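# A closer look at the structure
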Amino acid sequence: MQPIKERIMDHLNTLSCEIGCRPVGTEANHSASVYIENVFRKSGLDIEIQEFDVPVWQLDEAFIEFNGERLEAKANSFSQACEVSGDIIPFCTLEELAASPDLEGKIVFL
């Protein structure tokens, strides 16, 4: 039997490299849960599966248009589609952002 450190690294490699990114509701997420279930079963643990529906999120596109120029943007999982306009307020640190008292109606860049 492999030492525990090697077994853990094998599991991490399977989950992070072989299965990869696994947003909720995706086939990769399902593969990861089946993998973990099988590892637990092989370890002799009793498994209880609690099934529930989850939305499948897919990014169609994300961009910011500024002065007629389209800029690259990244969306958080499950971000709702939106079209907004407002004053742009740039921040360099989370501390600056936290210290800003009034951001209502503003577009914040960190």
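Residues numbered from 1 in each chain as written. Predicted model: local features only at pLDDT ≥ 70, side-chain atom pairs only at ≥ 80, totals over all residues. Heavy atoms only, no water.

## Focus: the packing of aromatic side chains
- For the structure shown, the criterion picks out zero aromatic pairs.
- Between the NZ or CZ atom of R70 and the centre of the ring of F63, over which it lies, the distance is 3.5 Å. (Phe/Tyr/Trp six-rings, centres within 6.5 Å; stacked < 30°, edge-to-face > 60°. Lys NZ or Arg CZ within 6 Å of the ring centre and 35° of its normal.)

## Considering unusual backbone geometry
- We note that N67 has phi near 50 degrees; this positive angle belongs to a residue other than glycine.
- When you line up the elements, N67 lands in the loop between β1 (63–66) and β2 (69–72). (Helix = DSSP H or I, 4+ residues; strand = E, 2+ residues; numbered from the N terminus.)

## Remarks on the environment of V34
- Among the structural elements, V34 can be located in helix α2 (residues 27–42).
- Judged by its relative accessible area of 31%, V34 is partly exposed.
- Through-space distance from the C-alpha of V34 to that of R70 is 41 Å; in sequence the pair is 36 residues apart. (Buried < 20%, exposed > 50% of the residue type's maximum accessible area, 1.4 Å probe, protein only.)

## A few points about α2
- With 16 residues, α2 extends 22 Å between its outermost C-alpha atoms, agreeing within 8% with the 22 Å of an ideal straight helix rising 1.5 Å per residue.
- G44 sits one or two positions beyond α2 and adopts a positive phi of about 90 degrees. (Expected span 1.5 Å × (residues − 1).)

## Brief notes about the pairing of strand β3 (residues 87–90)
- In terms of strand pairing, β3 meets strand β4 (residues 106–109) through four bridges, oriented parallel. Within β4, the position partnered with D87 by the bridge is K106. (Pairing = 2+ DSSP bridges.)

## Structural notes on the state of the cysteines
- In total, this model carries zero disulfides according to the counting rule given.
- In this structure C17 is a free cysteine whose sulfur lies 13 Å from that of C21, the closest cysteine sulfur available.
- Residue C17 is classed as exposed on the basis of its relative accessible area of 56%. (Disulfide = S-S within 2.5 Å.)

## Overview of the pattern of salt bridges
- Under the defined criterion, the tally for this structure stands at two salt bridges.
- Taking the shortest distance from any N to any O, the salt bridge between E37 and R41 comes out at 3.0 Å. Linking E37 with R41, this pair stays in helix α2, spanning four residues, or about one helical turn.
- R70 is the partner of E61 in a salt bridge, and the nearest nitrogen-oxygen pair spans 3.8 Å.
- Assessed through its relative accessible area of 54%, E61 is described here as exposed. (Salt bridge = Lys/Arg side-chain N within 4 Å of Asp/Glu carboxyl O.)

Structural measurements only, silent on function.
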